[in-house]
Amino acid sequence: LKENIEVIPAAMEKVAALRGVSYNWISSGKASAGVVAQEVQAVMPELVTEGENHLTVQYNGLVGLLIEAVKEQQAQIEELKAKLG
């Protein structure tokens, strides 16, 4: 069902460009947490859908980005451990 499958490049760099934020919805005042769609759009535009008056983040797509970022970070940790040990 999928084609053109590629590992997300520079995942740590992309994650570093994003902020996890807390906020209140203007319409209800309800507290929530997430990311800023405009910031996601700048680094992973395929995860943002443009509506009439707003942007929507496809949060499930962030999972793949975070997985690759963790793997990049783990490789850095392993490299540092090898230098120390």
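About the cut-offs
Residues numbered from 1 in each chain as written. Predicted model: local features only at pLDDT ≥ 70, side-chain atom pairs only at ≥ 80, totals over all residues. Heavy atoms only, no water. Helix = DSSP H or I, 4+ residues; strand = E, 2+ residues; numbered from the N terminus. Contact = heavy atoms within 4.5 Å. Pairing = 2+ DSSP bridges. Salt bridge = Lys/Arg side-chain N within 4 Å of Asp/Glu carboxyl O. Buried < 20%, exposed > 50% of the residue type's maximum accessible area, 1.4 Å probe, protein only.

(A) Focus on the environment of Ala33. Looking at the secondary structure, you find Ala33 in strand E2 (residues 31-34). Those residues within four positions of Ala33 in sequence are excluded, and the remaining contacts are Val21, Ser22 and Tyr23.

(B) Molecular detail of the pairing of strand E1 (residues 21-24). Pairing geometry for E1 and E2, over four bridges, is antiparallel. Bridge pairing in E2 places Val21 opposite Gly34. Here E1 folds back onto E2 in antiparallel fashion, the turn holding six residues, of which Gly29 has a positive phi close to 80 degrees.

(C) Summary view of the pattern of salt bridges. A complete count under the given rule lists four salt bridges for this structure. Of the charged contacts in the structure, one is a salt bridge between Lys71 and Glu68, with a shortest N-O distance of 3.0 Å. Residue Lys71 and its partner Glu68 are located together in helix H3 (residues 59-84), separated by three residues, close to a single helical turn. Judged by its relative accessible area of 49%, Lys71 is partly exposed. Between Glu79 and Lys83 there is a salt bridge, with the nearest N and O atoms lying 3.6 Å from each other.

(D) Just the side chain of Glu68, in detail. When its relative accessible area of 15% is taken as the criterion, Glu68 is described as buried. Every residue in contact with Glu68, bar those within four places of it in the chain, is listed here: Val7, Ile8 and Ala11.

(E) Examining unusual backbone geometry more closely. The phi angle at Asn4 is positive, at roughly 55 degrees, despite the residue not being glycine. Within the secondary structure layout, Asn4 lies in the segment before helix H1 (11-16). With a phi angle near 50 degrees, Ala10 is a residue other than glycine that sits in the positive phi range. The class for Ala10 is partly exposed, based on a relative accessible area of 34%.

All quantities given are derived from atomic positions and should not be read as evidence of function.
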